[in-house]
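Per-entry structural report
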Amino acid sequence: MENWLPSLITDTPSEGYELAIKLSRMTIKKTQADPEVRDRLRPDYAESADALIAVSAVVATHFATVAAANGYWTTSG
């Protein structure tokens with residue numbers, strides 16, 4: 001099995017956000033392992049405002065996790 005997630009640590013919030021998107025994508029890939037099914041379903045949610053809002057919420061949850069792991073990219077002092 002490929003180690004695609006060696007760490008939640010990123011250098012910047014932008015990199016953290018990209019990681020959050022990747023986490024979301026990998027969740028879908030692991031949940032629906034058949035790429036043909038994923039491709040067939042994509043048009044259904046790509047045109048659905050509700051589905052797109054739900055995706056945004058999932059990414060936000062992953063981003064909150066990454067941000068916490070990175071100490072919110074703050075430094076003391």
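Preceding this paragraph is the structure being described.
Remember, predicted model here, so these are calculated numbers, not experimental data.

Here a ring pair, both rings aromatic, is described through the centre-centre distance and the interplanar angle of the planes. Following the criterion strictly, the structure yields two aromatic pairs and no others. Where Tyr-17 meets Phe-63, the ring centres are 5.7 Å apart and the plane angle is 70°; that geometry is what we call edge-to-face. Of this pair, Tyr-17 sits in helix H1 (residues 13-31) while Phe-63 sits in helix H3 (residues 49-69), and the two are 46 residues apart along the sequence. Residue classification places Tyr-17 among the partly exposed residues on the basis of a relative accessible area of 40%. Here Phe-63 and Trp-73 contribute two aromatic rings whose centre-to-centre distance is 5.8 Å and whose plane-to-plane angle is 20°, an arrangement assigned as stacked. Linking Phe-63 in helix H3 with Trp-73 in the segment after H3, this pair joins segments that are 10 residues apart in sequence. Judged by relative accessible area, which is 24%, Phe-63 ranks as partly exposed. With relative accessibility at 21%, the residue Trp-73 sits in the partly exposed group. Linked through ring pairs, Tyr-17, Phe-63 and Trp-73 together constitute an aromatic cluster.

Scoring rules and cut-offs
- Residues numbered from 1 in each chain as written.
- Predicted model: local features only at pLDDT ≥ 70, side-chain atom pairs only at ≥ 80, totals over all residues.
- Heavy atoms only, no water.
- Phe/Tyr/Trp six-rings, centres within 6.5 Å; stacked < 30°, edge-to-face > 60°.
- Helix = DSSP H or I, 4+ residues; strand = E, 2+ residues; numbered from the N terminus.
- Buried < 20%, exposed > 50% of the residue type's maximum accessible area, 1.4 Å probe, protein only.

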